[in-house]
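If you want the building blocks of each chain, they are given just below.
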Number of protein chains: 4
Amino acid sequence: MTHNILPSVTLLIDCPDQKGLVYQITSFIFHHQGNILSIDQYVDEATQWFFMRVKWDLQHSDIPPAHIAEVFDKEIAQQYQIRFKIFFSEYKPKMAIFVSKAAHCLYDLLSKVYSKDFWVDVPCIISNHEDLRTIADDFGIAFHHLPIDASNKNAQEEITLNLMKQYEVDFIVLARYMQVLSDSFVSHFPNNVINIHHSFLPAFAGAKPYHAAFERGVKIIGATGHYVTADLDEGPIIEQDVIRIEQGDSIKDFIRKGQDMEKAVLSRSVYLHLQHQTLVRNNKTVVFKA
Amino acid sequence: MTHNILPSVTLLIDCPDQKGLVYQITSFIFHHQGNILSIDQYVDEATQWFFMRVKWDLQHSDIPPAHIAEVFDKEIAQQYQIRFKIFFSEYKPKMAIFVSKAAHCLYDLLSKVYSKDFWVDVPCIISNHEDLRTIADDFGIAFHHLPIDASNKNAQEEITLNLMKQYEVDFIVLARYMQVLSDSFVSHFPNNVINIHHSFLPAFAGAKPYHAAFERGVKIIGATGHYVTADLDEGPIIEQDVIRIEQGDSIKDFIRKGQDMEKAVLSRSVYLHLQHQTLVRNNKTVVFKA
Amino acid sequence: MTHNILPSVTLLIDCPDQKGLVYQITSFIFHHQGNILSIDQYVDEATQWFFMRVKWDLQHSDIPPAHIAEVFDKEIAQQYQIRFKIFFSEYKPKMAIFVSKAAHCLYDLLSKVYSKDFWVDVPCIISNHEDLRTIADDFGIAFHHLPIDASNKNAQEEITLNLMKQYEVDFIVLARYMQVLSDSFVSHFPNNVINIHHSFLPAFAGAKPYHAAFERGVKIIGATGHYVTADLDEGPIIEQDVIRIEQGDSIKDFIRKGQDMEKAVLSRSVYLHLQHQTLVRNNKTVVFKA
Amino acid sequence: MTHNILPSVTLLIDCPDQKGLVYQITSFIFHHQGNILSIDQYVDEATQWFFMRVKWDLQHSDIPPAHIAEVFDKEIAQQYQIRFKIFFSEYKPKMAIFVSKAAHCLYDLLSKVYSKDFWVDVPCIISNHEDLRTIADDFGIAFHHLPIDASNKNAQEEITLNLMKQYEVDFIVLARYMQVLSDSFVSHFPNNVINIHHSFLPAFAGAKPYHAAFERGVKIIGATGHYVTADLDEGPIIEQDVIRIEQGDSIKDFIRKGQDMEKAVLSRSVYLHLQHQTLVRNNKTVVFKA
């Protein structure tokens with residue numbers, strides 16, 4: 001995800017399916033001097049709902065970027081009951097990472113920021129343990145240790161929320177953060193908190209999924225990247241992957257093999273989010289091609 | 001699975017883990033002039049239980065095949081509290097196939113019998129519908145139509161059970177058979193009824209798993225081959241596989257893509273069973289290498 | 001692939017990338033009263049080439065189906081140097097299958113025709129061996145035995161070509177047909193002969209790929225569905241898949257495990273072809289979503 | 001790979017296949033008071049060659065560790081022409097990592113050392129570029145910058161070889177090191193230099209495999225971990241994996257997606273090596289279960 005050389009804009013759209021939608025939207029772009037860089041769309045047949053992602057360059061645009069949303073709304077969106085979000089390539093989003101003790105997902109995310117595979121800033125890392133502070137230090141990122149117990153959870157979430165505001169955080173990644181966020185906290189970041197669950201959801205929701213998988217005797221284990229909602233482990237799935245286990249593998253082997261999968265799935269989920277390739281409706285994530 | 005040129009015997013063993021088990025068992029084979037063709041063993045650390053599969057040729061055996069079980073029991077098994085099963089390569093097992101209307105798994109199994117990939121006889125096909133009779137006819141296999149409704153289930157199972165006895169059936173394959181067998185029926189074939197469930201168990205147990213998967217928005221669908229027990233969709237898993245779905249796939253696409261996976265997973269499960277590579281304990285299937 | 005309830009048309013397009021292409025094409029459909037059922041497009045950045053597949057229903061079309069190509073050519077294609085192909089859902093294509101002795105791919109294809117997963121007719125099966133005649137008989141398909149040796153190859157291809165004309169065959173599937181077709185023969189069916197090669201091309205092109213894979217010690221084996229061109233095993237790839245082998249697997253195990261993969265990959269390749277989801281340029285196959 | 005609580009020993013064996021080998025070897029262990037922790041063996045049918053890995057605890061061993069090799073040689077190995085290697089769990093091996101500019105594999109390896117997933121010390125990192133020095137610094141590992149050009153290659157290899165001796169390095173990992181080591185250098189570390197090649201070998205050996213894969217139009221890309229031999233990209237394969245690419249992916253996407261696969265495959269290869277699960281014969285790697 002190198003930063004685009006030319007400034008571009010990405011539009012995410014959903015609305016009731018109607019005849020001529022692609023025509024109307026591409027017509028808007030064409031007549032305002034945009035050149036489409038990529039376009040993808042789906043219709044959910046069951047609900048007759050239309051989803052679209054379109055990205056165009058702004059080089060010759062006859063609308064100033066700051067007014068595109070307004071013009072699109074007036075010329076197109078209102079008429080077709082379109083709900084849309086708009087993202088500009090110039091803006092570099094801010095991602096907070098929440099961790100506990102396990103380092104593998106954190107290292108993977110940070111090494112991708114370091115290698116500029118992710119077009120993002122990481123202003124802070126939040127943790128309920130001290131363990132990973134040295135990693136934050138190595139990468140020059142602020143580390144906030146906010147230990148959580150039964151008595152202080154609300155207070156610590158309040159502090160965390162203030163930190164998010166202070167750092168102007170756009171979205172949060174739970175990189176094996178072993179705490180459940182309150183609904184109230186999550187409600188400040190709708191479809192902007194990404195979690196990695198170390199099972200193939202909906203199998204083995206809840207705690208200790210590798211232990212449960214071992215107990216059940218499955219032949220394949222999985223990991224799921226999803227947006228966090230009020231229902232634990234029930235949020236819209238962004239990405240999943242699996243790995244075959246071998247006869248004789250212990251729970252420790254499950255964990256070891258699973259970690260490579262967890263971090264790959266989480267990184268892919270974050271990448272899709274950063275590319276604005278995801279759109280949530282009815283607790284399902286539409287994943288567009290880029 | 002070509003028939004072995006030399007007569008051989010396969011021994012499946014499980015017992016509490018003890019020092020010297022591999023030595024004692026291989027010593028037995030060596031001193032009775034057996035040549036080991038393959039051997040595989042595991043220890044479940046949690047329960048300290050030992051599992052082993054060993055196969056040797058009988059060419060120079062100083063024990064007549066009919067007495068091997070007895071001699072092994074006396075010389076080895078009793079001392080180490082070993083539970084074992086013994087299978088001779090000379091014996092060609094008899095497999096009944098139960099179907100409803102879907103042909104894909106049936107075709108796959110029969111084409112493997114036809115191509116001699118499976119060392120097995122199929123004396124009969126049982127179905128609650130007439131639809132697939134012509135396939136049975138093409139392959140020259142007896143087809144029994146036993147329609148099932150709320151009022152006749154027990155009676156039809158009784159007839160089915162008698163057919164199994166009459167055909168001397170060793171094990172049963174449910175090739176997308178859309179009926180639940182009674183516990184009583186299953187109890188006649190412990191770990192000898194193989195089912196294919198069209199989801200990645202334990203996710204989406206029960207009816208219409210593809211619909212449930214679509215509804216949940218998973219990114220990967222699966223299939224599970226398992227032994228049937230009294231608990232529906234809870235039996236010991238033999239084999240699983242998954243396939244990635246694509247954005248835009250409808251439930252019909254899930255079904256279409258899933259069918260190739262279902263038949264592959266079912267065939268692999270049957271193959272492992274025919275090779276005596278499976279051993280069930282505590283509702284889990286140990287799968288040995290051959 | 002059930003037959004569409006409403007008559008529809010699929011257009012495959014490629015041309016130099018230009019501003020406004022999606023707009024112009026969807027405008028054409030919109031203004032001729034078409035309702036887009038699906039649309040997919042790509043730009044190859046390296047060559048600045050545009051590819052598109054669009055499918056729309058003809059219910060309210062103001063152009064008679066027989067004239068759509070002509071009108072599209074005049075109104076759109078000429079102006080943008082568009083190369084296009086057009087397919088009507090009403091037409092049921094005719095597929096010839098060429099086989100040798102191995103039955104697995106043939107069974108898989110025919111069972112999919114039988115189950116109406118493929119919207120296609122199979123007027124004939126061609127083979128250089130008698131072995132699979134009974135399968136053709138079971139499915140009521142004409143079987144032509146055309147044995148091939150060094151002396152009669154040209155003559156037999158001539159006969160085959162006449163059979164293709166007589167049966168009005170649209171495309172040919174080589175379902176583990178162990179003969180190399182001449183360039184001359186292939187030239188009559190450009191991008192209309194589909195082959196399954198039992199390796200992950202370009203690895204192990206040529207004869208006995210499983211033996212070569214075993215010899216090299218790879219940990220994963222593959223299969224490749226591709227269009228046949230004058231260069232053996234070098235044609236445009238439609239679909240590929242792989243399967244992990246296990247330590248201890250013999251060449252026989254490679255073959256056994258590979259067969260399930262071969263037939264799945266071949267069937268998926270045929271399905272994509274039947275859905276008009278493939279477009280070949282520069283020896284590469286663009287695969288559209290449906 | 002936590003360090004074993006009890007001291008244990010791992011024996012890797014290969015020899016011509018003979019009757020009674022498992023019996024003789026397990027008899028040796030049993031009669032010297034060893035308790036087998038894991039055992040795995042294979043026979044290559046084509047060459048009639050026997051391979052075995054056996055690991056037992058030394059708690060009650062009646063032979064001092066330092067003498068086990070000698071006693072095993074005298075009592076068993078000589079008689080059966082057994083070639084063997086012996087490894088003690090007490091010994092923590094030393095791994096050198098060679099890098100160029102890409103950080104992803106290095107980060108992955110070091111994060112696994114940091115998390116104690118790998119039982120290994122990393123005394124030094126060698127690079128022909130300065131880029132990754134800060135990472136070495138963060139992990140407190142000596143970093144040696146040895147730039148290489150046409151004129152100084154031999155001299156720099158000589159220096160490198162001396163560093164390997166000075167650090168008492170047991171094996172070397174090429175973590176996307178973009179230089180070809182001379183045969184002379186490699187000959188000092190037979191089956192002890194592990195490389196990651198970013199293709200599914202033997203496909204796309206040599207430089208720029210992602211570009212070659214893109215050009216050929218494959219649908220799946222891969223990575224291969226292998227031991228380095230005198231023949232570039234032809235060494236014994238330890239581990240491979242693949243990832244499906246999507247229509248529309250550019251070479252940059254291939255590289256991005258491939259990197260997660262590369263580091264996972266390299267880490268798994270290193271893990272297998274550290275566990276002494278690999279044994280090379282005839283340019284193929286036997287991979288034992290642990």
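Residues numbered from 1 in each chain as written. Chains lettered and ligands numbered in written order. Predicted model: local features only at pLDDT ≥ 70, side-chain atom pairs only at ≥ 80, totals over all residues. Heavy atoms only, no water.

1. Topic: the relation of the copies chain B and chain A
Selection criterion: The atoms used to superpose the copies are C-alpha atoms, taken from residues with pLDDT of at least 70 in both, and the fit is least squares. In what follows, a contact means two residues having at least one pair of non-hydrogen atoms within 4.5 Å.
By a simple turn and slide, chain B fits onto chain A: the slide is 0.0 Å along the axis, the RMSD is 0.0 Å, and the turn is 180°. Seen this way, the second copy is the image of the first under a two-fold rotation axis. Relative to the rotation axis, the closest C-alpha in chain B is found at B:Ala203, a distance of 2.3 Å. Both copies present the same face, since 100% of the interface residues in chain B are matched by interface residues at the equivalent positions in chain A.

2. Concerning the confidence of the model for chain A
Low-pLDDT portions of the prediction should not be read for the details of their coordinates. Basically, it comes down to this: The quantity known as pLDDT measures the predictor's confidence residue by residue, on a range of 0 to 100.
For chain A, the mean per-residue pLDDT works out to 95, and 98% of the residues sit at or above 70. The ipTM, which scores confidence in the relative placement of chains, is 0.94 for this predicted complex, and the corresponding pTM is 0.96.

3. A short note on the side chain of B:Asp108
For the record, the criterion: Segments assigned H or I by DSSP are reported as helices when at least four residues long, segments assigned E as strands when at least two residues long, and all are numbered from the N terminus. A 3.5 Å cut-off defines polar contacts: any pair of N or O atoms within that distance qualifies, except that in protein one atom must be a possible hydrogen donor and the other a possible acceptor, and neighbouring residues in sequence count only when both atoms are side-chain atoms.
Checked against the element boundaries, B:Asp108 lands in helix α3 (residues 104-114). Within the local environment of B:Asp108, its side chain forms a polar contact with the side chain of B:Ser267, the two groups lying 2.6 Å apart. Sequence-distant contacts of B:Asp108, that is, excluding residues within four places in its chain, are made with B:Lys263, B:Ser267, C:Asp260 and C:Lys263.

4. Quick look at the packing of helix α3 (residues 104-114) of chain A against helix α3 (residues 104-114) of chain D
Stated precisely, the cut-off is as follows: Axes here mean lines fitted to C-alpha atoms, for a helix over just the part in contact, with angles spanning 0 to 180 degrees between N-to-C directions. Orientation labels follow simple angle bins: below 35 degrees gives roughly parallel, above 145 gives roughly antiparallel, 65 to 115 gives roughly perpendicular, and whatever is left gives oblique. Here is the rule for handedness: rotate from the far helix to the near one, and if that takes an anticlockwise turn smaller than a right angle the crossing is left-handed, while a clockwise turn gives right-handed. Ten residue types, Ala, Val, Leu, Ile, Met, Phe, Trp, Tyr, Cys and Pro, are classed as nonpolar, four, Asp, Glu, Lys and Arg, as charged, and the remainder, Gly among them, as polar.
It is the contact of α3(A) with α3(D), at a shortest axis distance of 10 Å, that shows an interaxial angle of 150°. In terms of orientation, α3(A) and α3(D) fall into the roughly antiparallel class. Between α3(A) and α3(D) lies a crossing of right-handed hand. In contact with A:Tyr107, A:Ser111 and A:Tyr114 of α3(A), α3(D) contributes D:Tyr107, D:Ser111 and D:Tyr114. Split by residue class, the contact of α3(A) with α3(D) holds four nonpolar, two polar and no charged.

5. Side note on the environment of C:Arg176
All names here are of chain C. By the element assignment, arginine 176 lies in the loop between β8 (171-174) and α6 (183-187). In this structure, the C-alpha to C-alpha distance between arginine 176 and valine 99, residues 77 residues apart in sequence, is 5.8 Å. Once you skip the residues sitting within four places of it in the chain, arginine 176 turns out to touch Val99, Ser100, Ala102, His104, Cys105, Ile196, His198 and Glu262. Of note is the side chain of arginine 176, whose polar atom sits 2.7 Å from the side chain of glutamate 262.

6. So, the side chain of A:Asp57
Our working rule: The buried label goes to any residue with under 20% of its type's maximum accessible area, the exposed label to any with over 50%, and the partly exposed label to all in between, with areas taken from a 1.4 Å probe on protein chains only. Positive: Lys, Arg. Negative: Asp, Glu. His and the chain ends are not part of the count. Salt bridges are defined as contacts in which a side-chain nitrogen from Lys or Arg sits within 4 Å of a carboxyl oxygen from Asp or Glu.
Relative to the elements of secondary structure, A:Asp57 occurs in strand β3 (residues 49-57). Buried A:Asp57, no salt bridge; nearest opposite-charge side chain is C:Lys19, N-O distance 6.1 Å. Here A:Gln59 takes part through its backbone nitrogen, which lies 3.3 Å from a polar atom of the side chain of A:Asp57. Residues contacting A:Asp57, with those up to four places away along its chain left out, are A:Leu6, A:Pro7, A:Ser8, A:Gly34, A:Asn35 and A:Leu37.

7. What about the domain arrangement of chain A?
Accessible area lost on assembly of the parts is the figure often given for the size of an interface. Residue and element names in this part refer to chain A. Operational definition: Where each domain begins and ends is defined by an automated method or by a domain database. Buried area is calculated as the accessible area (1.4 Å probe) missing from two parts once they are joined, with the contributions of both summed.
When cut into domains, chain A gives domain 1 (8-88) and domain 2 (95-287). The C-alpha-based centres of domain 1 and domain 2 are spaced at 31 Å. The partner domain 2 presents nine residues to the eleven residues of domain 1 that form the contact. Carbon and sulfur atoms supply 61% of the area that domain 1 and domain 2 bury against each other, a total of about 930 Å² over both sides. Per-residue buried area on domain 1 facing domain 2 is highest for Leu12, Phe51 and Arg53; these three make up 43% of the total on that side. Here domain 1 and domain 2 share one salt bridge between them. The residue aspartate 14 makes a salt bridge to arginine 281 at a minimum N-O spacing of 3.8 Å. Across the contact surface, domain 1 and domain 2 share three residue pairs in polar contact (both at pLDDT 80 or more). Elements supplying a minimum of two residues to the side of domain 1 that touches domain 2: β1 (8-16), β3 and β4 (83-88). Counting residues per element, the side of domain 1 that touches domain 2 draws most heavily on β1, at four residues.

8. Observations concerning the sheet that holds strand β4 (residues 83-88) of chain B
Residues and elements named next belong to chain B. Heads up, the rule is: Only strands joined by at least two bridges in the DSSP assignment are considered to pair.
Judged by pairing direction, the sheet is antiparallel, and its four strands sit side by side in the order β2-β3-β1-β4 without closing on themselves. For this open sheet the edge positions go to β2 (35-44) and β4, each flanked by a neighbour on one side alone. Adjacent strand axes in the sheet meet at a mean angle of 10° when their direction is disregarded. Relative to strand β3 (residues 49-57), β2 runs antiparallel, the two being bridged by nine bridges. In the sheet register, aspartate 44 faces β3, and the bridge partner there is tryptophan 49. Together, β1 (8-16), β2 and β3 form the strand contacts of helix α1 (residues 21-31), whose direction differs from that of β3 by roughly 20°.

9. Here's the deal with the relation of the copies chain D and chain C
Superposing chain D onto chain C takes a rotation of 180° combined with a translation of 0.0 Å along the rotation axis, leaving an RMSD of 0.0 Å. Of the residues that chain D buries at the interface, 100% are likewise interface residues in chain C, meaning the two copies contact each other through the same surface.

10. A closer look at a negative patch on the surface
As a reminder, the rule being used: Note that patches include only residues with greater than 30% relative accessible area and no salt bridge, and the join distances are 9 Å for like charges and 5 Å for nonpolar side chains (Val, Leu, Ile, Met, Phe, Trp, Tyr). Accessible surface is estimated by sampling points in the Shrake-Rupley manner with a 1.4 Å probe; for residues, cover comes only from the protein chains shown. Here the site of a charge means NZ on Lys, CZ on Arg, CG on Asp, or CD on Glu.
Residues A:Asp137, A:Asp138, D:Asp137 and D:Asp138 make up a contiguous surface patch of negative charge. Only α4 (133-138) of chain A together with α4 (133-138) of chain D provide two or more residues apiece to the negative patch. Inspection of the secondary structure puts D:Asp138 in helix α4.

11. Quick look at the pattern of salt bridges
A complete count under the given rule lists 68 salt bridges over all chains for this structure. A salt bridge links B:Asp108 to C:Lys263; the nearest nitrogen and oxygen atoms lie 2.3 Å apart. With B:Asp108 in helix α3 and C:Lys263 in helix α8 (residues 251-274), the pair connects residues from two separate chains. Note on accessibility: B:Asp108 and C:Lys263 belong to one class, buried. Close ionic contact of C:Asp249 with C:Lys257 constitutes a salt bridge, the shortest N to O distance being 2.7 Å. When its relative accessible area of 13% is taken as the criterion, C:Lys257 is described as buried. Here the salt bridges share partners, and the residues they tie into one network are A:Asp108, A:Lys112, D:Asp260 and D:Lys263.

12. So, the interface of chain B and chain A
Of the residues lining the interface, 32 residues belong to chain B; the matching set on chain A comes to 33 residues. The interface formed by chain B and chain A holds four salt bridges in total. Linking B:Arg244 and A:Glu239 is a salt bridge whose minimum nitrogen-to-oxygen distance equals 3.1 Å. Counting every contact that joins chain B to chain A gives 18 residue pairs in polar contact (both at pLDDT 80 or more). Looking at the side of chain B that touches chain A, the element that brings in the most residues is strand β11 (residues 237-244) of chain B, giving seven residues. Class assignment for the residues of the side of chain B that touches chain A results in 14 nonpolar, seven polar and eleven charged.

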